[in-house]
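For reference, the chains in residue letters:
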Amino acid sequence: MTCVLMIIGTSIWAQNEVRDSTEVQELDEVVVSDTRFPIRRENSGKTVIKIGREELSRNQGKSLSEIINTKSGIEISGSRGRPGEILGAFVRGGRGKQVIVVIDGIRVSDPSSFSQEFDLRLLQTSSIESVEIIKGASSTLYGANAATAVINIITKAASKRPFSGTFQSSMGSNQTADDQRYRLNSFANSARIDGTLSKWQYSLGFSHRFTDGLSSINTTTDEADPFSTVNTDLKIGYRLSSKFKTSFYGSQSKLRVAYDESFGLVDAPYSFESVQERIGSTSQFIYGSGSTTLNIAYASYVSENFSAFPGIFRGQNAIGDLFNKSTFGKFLAIVGVNYNLERTEFEDNRQFVFVDPYASIVYLGIKGFQMNIGGRLNNHSEYGRQLVYTLNPSYTLKYENSYLKFLGSYATAYVTPSLTQLFGQFGANPELKPESNRTIEVGMEYVFTNKLRTNVLYFDREEEDFVFFDNAHFQYENSSNTINAKGLEMELNWRPINSLNLEGNYSFTERTGDNAIRIPKHKINTSIGYQFCDQLYAAVNYSYTGSRLDTDFETFTDVTLDPFGLLGFYLSYSLIPNRFTVFLNGDNLLNNEFIEVLGFNTRGRNIRAGFTLKM
């Protein structure tokens with residue numbers, strides 16, 4: 001905290017002493033997710049995490065879960081292990097069921113999964129334009145289960161040229177710290193074509209990923225467990241006029257992963273296969289002071305488990321979101337209604353339906369005061385009505401080349417049990433109650449031109465009636481305990497000179513009320529990047545993950561896992577500027593042995609090389 005205040009004070013003094021009129025300004029950076037309006041960052045009442053095109057391109061070869069795992073307040077358990085491991089998203093001391101994923105304005109979730117989560121392993125970075133992450137309760141704008149974070153993904157738009165193509169390929173090792181033979185066991189390829197023809201836009205993408213050579217569980221035999229994904233997506237858009245446009249899309253994602261027996265920690269010939277298919281459309285009518293948008297989508301999920309407990313899991317969901325956005329004076333308003341049907345096939349079909357009207361108003365004051373206030377009335381076919389709301393004031397002190405923003409928020413969220421928890425074949429309990437969450441935030445952010453952005457934020461989150469699996473009774477239950485998670489998040493992005501960029505974040509998270517497995521209390525991520533010339537870029541990164549608890553399922557006791565630190569690098573060179581770029585990256589350069597999840601393998605030193613070709 002002291003360091004942040006010193007940097008802020010020094011920068012304010014510096015801007016009053018010296019001003020360079022040629023400096024590039026980044027005060028107009030736009031964020032969308034916290035209000036669903038494109039507003040300048042200084043007017044946002046949140047410390048939104050934004051992962052743009054440049055950052056994604058400089059992380060080629062990494063999965064989206066690996067990139068997100070470097071952000072403050074977030075722990076993606078499994079992202080450092082064998083590719084294909086089940087991922088656990090722990091944000092601000094929460095669980096994966098409290099995080100929702102939104103792709104191009106449409107919420108995605110798998111109703112056939114145990115916690116109704118979206119499988120992050122299905123996402124490929126090659127089709128993504130940007131990612132915004134808002135932490136804290138966000139059910140007002142995004143509905144049920146948005147209790148700790150919303151991961152808002154925007155896919156790449158079609159080029160304005162008649163034809164454009166992007167092709168990426170990479171390969172590398174996939175090995176533990178004990179096995180350093182550097183065999184080529186990891187491959188990723190993607191191809192995308194897109195363009196604009198008169199009033200039509202089109203894009204077609206394909207990607208494939210395959211890894212082998214690493215066992216899921218750490219055993220004496222270490223039999224390799226391969227993992228593969230195949231993604232295909234198609235989008236066609238038509239602009240009828242300057243006021244009306246529509247688009248249609250379809251996508252298919254296939255996943256196949258081998259895994260081992262976690263009870264007893266032995267090699268096993270198990271595998272899991274999943275197919276997700278999505279279709280949908282977005283239509284927008286633009287009028288003088290606003291717009292009306294209709295998003296509709298349908299998705300089906302089919303998964304099959306080949307193990308000692310085999311099974312086939314089928315689910316579907318249908319989503320409709322009709323909303324109107326308007327601007328009048330200093331006010332931005334959004335009013336909408338959301339429909340969500342979730343269905344899963346057990347011995348008979350089970351489903352529930354949400355019908356949620358919602359509204360939010362943003363006030364952009366003339367003297368630096370902003371207020372975002374909104375509410376949603378969740379109408380659930382199983383649980384009736386539940387009101388959630390958000391109060392998010394902020395105050396910005398604006399200077400010629402900088403701003404200092406103070407922010408606070410009080411927000412509630414609503415988390416429904418999944419269909420599997422209510423009606424499934426393993427420990428179902430139709431008497432479960434929904435969880436309730438509330439989050440309080442207080443923080444500040446300082447930005448100085450394109451040179452410096454730093455923020456610090458304190459949060460306090462409370463959960464009631466959280467759902468857990470009671471091993472003694474082999475059934476899902478609501479806990480009588482109140483879960484409290486509180487913490488501190490600090491971020492720094494500093495560019496002392498145009499060619500040098502330093503980034504870092506620190507997270508302190510403390511969860512009480514249960515054993516808080518796999519949630520580190522302390523976490524640090526840092527990176528230093530340097531642009532040697534127009535063609536050559538290099539970066540070094542370091543991450544520290546503090547001690548945390550995990551459960552030993554042989555004894556059903558908690559074990560404290562040791563902290564660990566990982567050092568990596570990235571190097572890229574443009575052989576043909578803006579056309580052909582090659583890269584090399586390395587992870588865990590010191591080849592440290594560490595445990596991320598008890599009993600499971602983690603990656604040692606690994607190297608990957610590849611290229612990007614644009615046409």
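Look a little higher up for the structure.
Residues numbered from 1 in each chain as written. Predicted model: local features only at pLDDT ≥ 70, side-chain atom pairs only at ≥ 80, totals over all residues. Heavy atoms only, no water.

Participant: Any chance you could explain the overall build of the protein chain here in plain terms?
Facilitator: For the protein chain, the count of helices and strands is five helices and 35 strands. Here the C-alpha radius of gyration of the protein chain, 24 Å, is about what a compact globule of 615 residues would show, namely 25 Å. Each principal axis of the C-alpha atoms in the protein chain carries an extent, and together these give about 65 × 55 × 55 Å. Within the protein chain, contacts between residues at least 6 apart in sequence are counted, and of these 60% link residues at least 24 apart. Counting only carbon and sulfur atoms, one obtains 59% of the accessible surface of the protein chain, whose full area is about 26,700 Å². Computing the positive centroid from 60 side-chain charges and the negative centroid from 66, the protein chain places the two 9 Å apart. (Helix = DSSP H or I, 4+ residues; strand = E, 2+ residues; numbered from the N terminus. Rg over C-alpha atoms; globule rule 2.2 N^0.38 Å. Contact = heavy atoms within 4.5 Å. Areas by Shrake-Rupley, 256 points an atom, 1.4 Å probe, with all protein chains shown as cover. Lys, Arg positive; Asp, Glu negative; His and termini not counted. Charge placed at Lys NZ, Arg CZ, Asp CG, Glu CD.)

Participant: For this particular structure, what's the right way to read the pattern of salt bridges?
Facilitator: Should their charged atoms come close, side chains of opposite charge can pair. Following the criterion strictly, the structure yields 38 salt bridges and no others. Here the salt bridges share partners, and the residues they tie into one network are R41, K405, E445, R453 and E491. (Salt bridge = Lys/Arg side-chain N within 4 Å of Asp/Glu carboxyl O.)

Participant: Please explain the environment of E445 as it appears in this structure.
Facilitator: Along the chain, the position of E445 falls in strand β23 (residues 435–448). Sequence spacing of E445 and T47 is 398 residues, and the spatial spacing of their C-alpha atoms is 7.4 Å. There is a polar contact of 3.0 Å between the side chain of E445 and the side chain of Y403. There is a polar contact of 3.3 Å between the side chain of E445 and the side chain of N455. (Polar contact = N/O pair within 3.5 Å; in protein donor to acceptor, adjacent residues only side chain to side chain.)

Participant: It is not clear to me how the environment of D260 should be interpreted in this structure. Could you clarify?
Facilitator: Mapped onto the secondary structure, D260 falls in strand β14 (residues 244–261). Remark: the alpha-carbon pair of D260 and S109, spanning 151 residues in sequence, is separated by 26 Å. Dropping the residues within four chain positions of it, D260 is found in contact with S215, S216, I217, D225, V266, D267, A268 and Y270.

Participant: Just checking my understanding: could you explain empty space enclosed by the protein for this structure?
Facilitator: Left-over empty space is what a probe sized like a water molecule reveals as it rolls over the atoms. If you walk through the whole model with that rule in mind, you get ten cavities of 30 Å³ or more. Taken as a whole, the largest cavity spans an internal volume of roughly 240 Å³. Contributing to the lining of the largest cavity are 18 residues, with G61, K62, Q124, T125 and A188 lying nearest its centre. Those elements that provide at least two residues to the lining of the largest cavity are β10 (164–172), β11 (186–197) and β12 (200–211). Of the residues assigned to the lining of the largest cavity, the class counts are two nonpolar, 13 polar and three charged. (1 Å grid on protein atoms, 1.4 Å probe; cavity = no way out; pocket = protein on both sides within 12 Å on 5 of 7 lines; lining within 4 Å. Points joined across faces, edges and corners; volume = space filled by probe spheres on them. Nonpolar A, V, L, I, M, F, W, Y, C, P; charged D, E, K, R; others polar.)

Participant: Can you help me understand the side chain of S326 in this one?
Facilitator: As for its position among the elements, S326 is in strand β17 (residues 311–328). On the basis of relative accessible area, S326 is assigned to the buried category, the value being 15%. With near-sequence residues (within four places) excluded, S326 lies in contact with F37, Y287, S289, G290, F331, L332 and A333. (Buried < 20%, exposed > 50% of the residue type's maximum accessible area, 1.4 Å probe, protein only.)

Participant: Even after reading the chapter, I still don't get the sheet that holds strand β8 (residues 128–135), so can you show me in this structure?
Facilitator: Backbone hydrogen bonds are what pair the strands of a sheet, in a parallel or an antiparallel way. Across the sheet, five strands lie side by side as β3-β8-β9-β6-β7; this open sheet has mixed pairing. At either end of the open sheet lies a strand with only one pairing partner, and these are β3 (49–51) and β7 (106–108). In this sheet, adjacent strand axes meet at a mean angle of 25 degrees when their direction is disregarded. (Pairing = 2+ DSSP bridges. Axes fitted to C-alpha atoms, helices over the stretch in contact; angles between N-to-C directions.)

Participant: Sorry, what's going on with unusual backbone geometry here?
Facilitator: Most of the time, phi is negative for any residue but glycine, and the peptide bond is trans. Although it is not a glycine, D104 sits at a positive phi angle of roughly 50 degrees. Relative to the assigned elements, D104 resides in the loop between β6 (99–103) and β7. With a phi angle near 50 degrees, N588 is a residue other than glycine that sits in the positive phi range. Counting through the fold element by element, N588 comes out in the loop between β34 (580–587) and β35 (606–614). Of the residues examined, N588 reaches a relative accessible area of 4% and is grouped as buried.

Participant: In this structure, what is going on with the nonpolar core? I would like to understand it.
Facilitator: Nonpolar side chains in soluble globular proteins generally cluster together in the buried interior. The biggest cluster of nonpolar side chains holds 31 residues, and the ones touching the most others in it are I51, I68, V101, V131 and I153. Apart from residues no more than four positions distant in its own chain, I51 is found in contact with L56, I67, I68, K71, E129, S130, V131 and I133. Within the second largest apolar cluster, 17 residues are counted, among which are V48, I134, Y142 and V150. (Core = buried A, V, L, I, M, F, W, Y, C linked by side-chain atoms within 4.5 Å.)

Participant: Explain the packing of aromatic side chains to me, please; I cannot follow it from the model alone.
Facilitator: Aromatic rings considered in pairs are described by the distance between their centres and by the relative angle of their planes. Tallying each qualifying case throughout the model produces 16 aromatic pairs. Considering the side-chain rings of Y389 and Y410, the 6.2 Å spacing of their centres and the 20 degrees angle between planes classify their relative orientation as stacked. Remark: Y410 occurs in strand β22 (residues 402–415) and Y389 occurs in strand β21 (residues 384–398); sequence separation between them is 21 residues. We classify Y389 as partly exposed; its relative accessible area is 33%. Between F466 and F468 the ring centres are 6.2 Å apart and the planes differ by 45 degrees, which places this aromatic pair in the tilted class. Look at F466 and you get buried, because its relative accessible area is 8%. If you follow R36 out to its NZ or CZ, it ends over the ring of F323, 4.6 Å from the centre. Residue placement shows R350 over the ring face of F423; its charged tip is 4.3 Å from the ring centre. (Phe/Tyr/Trp six-rings, centres within 6.5 Å; stacked < 30°, edge-to-face > 60°. Lys NZ or Arg CZ within 6 Å of the ring centre and 35° of its normal.)

Participant: Explain a nonpolar patch on the surface to me, please; I cannot follow it from the model alone.
Facilitator: Together, F328, F331, I361, I373, L387, Y389, L391, Y410, I440 and V442 make up a nonpolar patch on the protein surface, roughly 830 Å² of accessible area in all. Of all the elements, β21 adds the most residues to the nonpolar patch, at three residues. Tracing the sequence through the fold places V442 in strand β23. (Patch = residues over 30% accessible without salt bridge, like charges linked within 9 Å, V, L, I, M, F, W, Y side chains within 5 Å.)

Participant: Is there a simple way to explain the side chain of T246 in this structure?
Facilitator: The residue T246 is located in strand β14 in this model. Judged by relative accessible area, which is 15%, T246 ranks as buried. A polar contact is formed between the side chain of T246 and the side chain of S283, at a distance of 2.8 Å. Filtering out sequence-adjacent residues up to four positions away, T246 remains in contact with I236, G237, Y238, T282 and S283.

Participant: Looking at this structure, how should I read the pairing of strand β31 (residues 548–552)?
Facilitator: Looking along a regular strand, one sees the side chains alternate between the two faces of the sheet. Two strands pair when backbone bridges link them, and β31 and strand β32 (residues 557–561) are joined in this way by five bridges, in the antiparallel orientation. Its bridge partner lying in β32, T551 is registered against D558. Hairpin connection from β31 to β32: four residues lie between these consecutive antiparallel strands, with F556 at a positive phi of about 55 degrees.

Participant: Even after reading the chapter, I still don't get the environment of S242, so can you show me in this structure?
Facilitator: If you trace the backbone, S242 turns up in the loop between β13 (227–239) and β14. By relative accessible area, which is 62% here, S242 ends up exposed. The spatial distance from the C-alpha of S242 to the C-alpha of V31 is 24 Å, given a sequence separation of 211 residues.

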